[in-house]
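Close look at the chain arrangement
Chain by chain, the residues run as shown.
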Amino acid sequence: MSRSARLLDLVQILRTHRRPVSGATLAEATGVSLRTLYRDIATLQAQGADITGEPGLGYILHPGFLLPPIMLSSEEIEALVLGARWVRANTDDRLQQSAAHALAKIAAVLPDDLRRDLETSALLVPNTRRGQHPERDIGALRDAIRAGIKLDIAYRDERAQETTRRIWPVALGYFEGLRILVAWCELRKGFRHFRIDRMIEVTQTQETCPRRSEVLLAEWRRENGIVHDL
């Protein structure tokens, strides 16, 4: 592997971690000695990468460092196409359009042979939305999550009992034929999972959630023993 390719790999590895990574771990991942790793870190810092840390403590790459378009392998392209096709088949119209736009941007910077791989990928995803009743505007729920706005919902549970709740939206789960909103429920004083198709009415309030959505999501993950790598 050339040194330039190794430096690109090092940046990508650092980008996948939110906490400091030890020099030994980075050296093993890039296949170099610890001494060479330290030189590579210094080179990237000299080129403008906002990498903080030091030997013995670990290193972290802060957001904002941009690289020229990176060459993708055929399998990486297949992974992107498969993900985008899943989004087109299983999510709302806004996300479908965003997936198509993202693939178009990627295709614009690929050489001809790899662009053909993207356009002719044989990985298929069934459309699980077909035949279902139109769902509530999931895009509006995503907006509320990003903005940290409380929602008032009228909800029908599995026993057909209707209740009204004030909730703090946290995350959306996309399952085959089913969409779930993870939220903190003020009535139950805890996290609850609400099926989108059982929501009778959703109203956005003027109140902001007292805790940021990323904090709530981290709490929900801890309660459910879910490890988040990205």
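Placed above this text is the structure.
Residues numbered from 1 in each chain as written. Predicted model: local features only at pLDDT ≥ 70, side-chain atom pairs only at ≥ 80, totals over all residues. Heavy atoms only, no water.

**Some thoughts on the overall build of the protein chain**
In terms of helices and strands, the protein chain carries eight helices and seven strands. What you see for the protein chain is a C-alpha radius of gyration of 22 Å, clearly larger than the 17 Å of a compact globule of 230 residues, by over 25%. A buried classification covers 36% of the 230 residues belonging to the protein chain. The contacts in the protein chain between residues at least 6 apart in sequence include a share of 59% that link residues at least 24 apart. Carbon together with sulfur atoms contributes 53% to the accessible area of the protein chain, which is approximately 14,300 Å² in total. Both charge centroids of the protein chain, one from 33 positive and one from 30 negative side chains, sit 3 Å from each other. (Helix = DSSP H or I, 4+ residues; strand = E, 2+ residues; numbered from the N terminus. Rg over C-alpha atoms; globule rule 2.2 N^0.38 Å. Buried < 20%, exposed > 50% of the residue type's maximum accessible area, 1.4 Å probe, protein only. Contact = heavy atoms within 4.5 Å. Areas by Shrake-Rupley, 256 points an atom, 1.4 Å probe, with all protein chains shown as cover. Lys, Arg positive; Asp, Glu negative; His and termini not counted. Charge placed at Lys NZ, Arg CZ, Asp CG, Glu CD.)

**Considerations on the sheet that holds strand β3 (residues 149-156)**
Strand order in the open sheet formed by five strands is β6-β5-β4-β3-β7, with antiparallel pairing between adjacent strands. Each of the sheet's edge strands pairs with one partner strand only, and the pair in question is β6 (190-195) and β7 (199-208). Averaged over all neighbouring strand pairs, the angle between strand axes comes to 45°, with direction disregarded. Of the strand pairs in this sheet, strand β4 (residues 162-175) and strand β5 (residues 178-185) are connected by eight bridges, and their pairing is antiparallel. In the strand pairing of β5, Gly173 is matched with Ile180. (Pairing = 2+ DSSP bridges. Axes fitted to C-alpha atoms, helices over the stretch in contact; angles between N-to-C directions.)

**Quick look at helix α5 (residues 93-108)**
For α5, spanning 16 residues, the distance from its first C-alpha to its last is 23 Å, which sits close to the expected 22 Å at 1.5 Å a residue. Of all the residues in α5, the buried ones are Gln96, Ala99, Leu103 and Ala107. Buried residues of α5, seen end-on, are gathered within an arc of 70° and therefore sit on one face of the element. Structural note: α5 exposes His101, Lys105 and Ala108 on the side pointing more than 90 degrees away from its buried face. Structurally, α5 contributes buried residues whose contacts are with α4 (74-90) and α6 (112-119). A distance of 3.2 Å separates the backbone nitrogen of Arg94 from a side-chain oxygen at the start of α5, and that oxygen is part of Asp92. (Expected span 1.5 Å × (residues − 1). Arc of directions from axis to C-beta. Polar contact = N/O pair within 3.5 Å; in protein donor to acceptor, adjacent residues only side chain to side chain.)

**Here's the deal with the nonpolar core**
Membership of the largest hydrophobic core comes to 16 residues, with the highest contact counts inside it found for Leu10, Leu14, Leu26, Leu37, Ile41, Leu44 and Ile51. With five residues, the top contributor of residues to this core is helix α1 (residues 3-15). Beyond its immediate sequence surroundings of up to four residues, Leu10 is in contact with Leu26, Thr30, Leu37, Asp40, Ile41 and Leu44. Listed in part, the 13 residues of the second largest apolar core include Leu141, Leu151, Tyr155 and Ala183. (Core = buried A, V, L, I, M, F, W, Y, C linked by side-chain atoms within 4.5 Å.)

**Concerning the environment of Thr52**
Relative to the helices and strands, Thr52 resides in strand β1 (residues 51-54). Looking at Thr52, the relative accessible area reads 35%, which means it is partly exposed. When the C-alpha positions of Thr52 and His62 are compared, they lie 7.8 Å apart, and in sequence the two are 10 residues distant. The residues contacting Thr52, other than those within four sequence positions of it, are Gly58, Tyr59, Ile60 and His62. A polar atom in the side chain of Thr52 sits 2.9 Å from the side chain of His62.

**Some thoughts on the pairing of β3**
Most of β3 sits inside the fold, with six of its eight residues counted as buried. Summarising the sheet, β3 and β7 pair through six bridges and their orientation is antiparallel. Within the sheet, the bridge partner assigned to Tyr155 lies in β7 and is Met199. Hairpin connection between β3 and β4: a loop of five residues separates the two successive antiparallel strands, and Ala160 in this loop has a positive phi of roughly 70°.

**Looking at a negative patch on the surface**
Together, Glu75, Glu76, Glu78, Asp113 and Asp117 give the surface a local cluster of negative charge. When contributions to the negative patch are tallied by element, the ones reaching two or more residues are α4 and α6. It is α4 that provides the largest number of residues to the negative patch, a total of three residues. Tracing the backbone shows Glu75 in helix α4. (Patch = residues over 30% accessible without salt bridge, like charges linked within 9 Å, V, L, I, M, F, W, Y side chains within 5 Å. Salt bridge = Lys/Arg side-chain N within 4 Å of Asp/Glu carboxyl O.)

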